[in-house]
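Here's the letter readout for the chains.
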Amino acid sequence: MHIIDSHFHWWPRSIFDKLCTRKAFPKARVNARGGYDYMRREDSGGHLNSWAEWFNLDKQFEYMASLGHEVDVVCSIGPFSVAFSDMPLAEGRDYALMWNEEMAGAQKKYPGRLWASAAVPLQDTRTAIEVLDDAVNRLGLMGVNLPGSVGSDARIDSERLEPFYAHCETLGLPVFLHPTDVIFQDMLDGYDGALHLSLGRVIEVSVAAMRLILSGTMERHPKLKIVMSHTGGSLPYQAGRMDKNSKAAKLPRPVQDYMRRMYTDTVSPHSAGIKFAIDYYSIDHVMYGTDYPCWDPAPCLKLIDEIKLSAADKQKLFYDNARRILGLKDPPKRQPAKREPALA
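So, a few notes on the structure that sits alongside this text.

**Comments concerning the overall build of the chain**
Then, number 1: In terms of helices and strands, the chain carries 13 helices and 11 strands.
Then, number 2: A globule of 344 residues ought to have a C-alpha radius of gyration of about 20 Å, and the chain, at 20 Å, matches this closely.
Then, number 3: Viewed in the frame of its principal axes, the chain has a C-alpha envelope of about 85 × 55 × 40 Å.
Then, number 4: Across the chain, the fraction of contacts at a sequence separation of at least 24, relative to all contacts at a separation of at least 6, is 72%.

**Thoughts on the packing of aromatic side chains**
Then, number 1: In this structure the tally under the stated criterion is 21 aromatic pairs.
Then, number 2: Centre to centre, the rings of Trp11 and Phe16 are 5.2 Å apart; their planes meet at 20 degrees, and the pair counts as stacked.
Then, number 3: For the ring pair Phe80 and Phe84, a centre distance of 5.6 Å and an interplane angle of 75 degrees mean the geometry is edge-to-face. By the burial criterion, Phe80 is buried, and Phe84 matches it.
Then, number 4: A network of ring pairs unites the aromatic residues Trp11, Phe16, Tyr36, Tyr38, Trp51, Trp54, Phe55, Phe80, Phe84 and Trp99 as a single cluster.
Then, number 5: Of note, Lys18 hangs over the ring of Tyr95, and the distance from its end group to the ring centre comes to 4.7 Å.
Then, number 6: Across the ring face of Phe25, the terminal group of Lys27 is positioned such that the distance to the ring centre comes to 4.6 Å.

**Here we look at the packing of helix H5 (residues 125-138) against helix H6 (residues 162-171)**
Then, number 1: Where H5 contacts H6, the axes come no closer than 9 Å and their chain directions differ by 20 degrees. Between H5 and H6, the angle falls in the class roughly parallel. Helix-helix and strand crossings are classified by hand; for H5 and H6 the assignment is right-handed. In this structure, H5 contributes Thr125, Ala128, Ile129, Leu132 and Asp133 to the contact, and H6 contributes Pro163, Phe164, His167, Cys168 and Leu171.
Then, number 2: Within the contact of H5 with H6, the residues separate by chemical class into 7 nonpolar, 2 polar and 1 charged.

**A closer look at the pattern of salt bridges**
Then, number 1: The tally for this structure, following the rule as stated, stands at 15 salt bridges.
Then, number 2: Here Arg40 and Asp86 are joined by a salt bridge, their closest N and O atoms 2.8 Å apart. Here the residue Arg40 occupies a position in the loop between strand S3 (36-39) and strand S4 (48-49), and Asp86 occupies one in helix H3 (residues 83-86), the gap between them amounting to 46 residues. Neither residue differs from the other here; Arg40 and Asp86 are each classed as buried.
Then, number 3: For the salt bridge of Asp330 with Arg323, the shortest nitrogen-to-oxygen distance reads 3.1 Å.
Then, number 4: On the basis of relative accessible area, Asp330 is assigned to the exposed category, the value being 54%.
Then, number 5: Salt bridges sharing partners connect three or more residues here, namely Glu101, Asp134 and Arg138.

**Here's the deal with unusual backbone geometry**
Then, number 1: With an omega of 0 degrees, the peptide bond running from Phe25 to Pro26 counts as cis.
Then, number 2: Look at the link from Tyr292 to Pro293: it is a cis peptide, with omega at 10 degrees.
Then, number 3: Structurally, the position occupied by Pro293 is in the loop between strand S11 (286-287) and helix H12 (297-305).
Then, number 4: If you check the backbone angles, Tyr191 has positive phi at about 60 degrees while not being a glycine.
Then, number 5: Tracing the chain through its elements places Tyr191 in the loop between strand S8 (174-178) and helix H7 (194-214).
Then, number 6: The phi torsion at Ser282 lies on the positive side, around 90 degrees, for a residue other than glycine.
Then, number 7: You can see Ser282 is positioned in the loop between helix H11 (271-281) and S11.

Each value, and the rule that gives it
- Residues numbered from 1 in each chain as written.
- Predicted model: local features only at pLDDT ≥ 70, side-chain atom pairs only at ≥ 80, totals over all residues.
- Heavy atoms only, no water.
- Helix = DSSP H or I, 4+ residues; strand = E, 2+ residues; numbered from the N terminus.
- Rg over C-alpha atoms; globule rule 2.2 N^0.38 Å.
- Contact = heavy atoms within 4.5 Å.
- Phe/Tyr/Trp six-rings, centres within 6.5 Å; stacked < 30°, edge-to-face > 60°.
- Buried < 20%, exposed > 50% of the residue type's maximum accessible area, 1.4 Å probe, protein only.
- Lys NZ or Arg CZ within 6 Å of the ring centre and 35° of its normal.
- Axes fitted to C-alpha atoms, helices over the stretch in contact; angles between N-to-C directions.
- Parallel < 35°, antiparallel > 145°, perpendicular 65-115°, else oblique.
- Left-handed = near helix turned anticlockwise from the far one by under 90°.
- Nonpolar A, V, L, I, M, F, W, Y, C, P; charged D, E, K, R; others polar.
- Salt bridge = Lys/Arg side-chain N within 4 Å of Asp/Glu carboxyl O.

Printed below as a string of structure tokens:
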């Protein structure tokens, strides 16, 4: 089967090697697992850790091939996406431009097998739009990453960001909403990070999505394409509560109307969770995704096999939805070189 993994992470080493040279926070250091520890601030309760598997695209594709399917991938940034908004603006802009160049290079190396999305520094709205335009118009990236917060500011629904969301809507870009390790990491400390990783990130992405709804952002931008990670966080399972307790926001429609306009993936290590996401959002709004290398695609495929899906629905889930929702296009075919007519 031809598959598109809509939730896939590859990080370029050049970014983290440069972060290792920073004296101030945020900065990075090489760790014993072949990756890096990213440290947002000195008093942080934990660090974002990576390992060797995040940084070698050739080996990542080798593993995908071992699954017995033809697998294409969509690169998003994941929890590191907040880093570009953690730094002083000029640095955040430079790191985002550097990241986007690396992503464009990967697209060129793997045409038609890999698509990548852009980093933006959200500290300044005008700069974010300029970096986004460069990523899309010059580099050919296919989407943009939205962290669950802007640095330490939880308000991704800030009024100043309205032009940014309007621009994403105009461009028709998918916006990948992913949790970070900012707002809830220190509140949910302990247990060697287990509480935050299991619950904190789910809470953060759910809160971020609700901010986009309750602020009226989704109402003002009906074509804004939000791709919410991790089967929609906690929102589908608490959808009735979202409607019941959100009337004070005075939205013209129930909250669930906006929730169901969003798209999501199959990143839930529980077949019932994947099935519920499909039942709630509809098969047309869910894409196969694994969060690789945070989660192994092999058990994800087994969990999906436990769900009774028709052949047509499997085709949508594994391939067609990603092509349609994310606007994935085949690379232009090379024209054969013209042969000069032979001399008489």
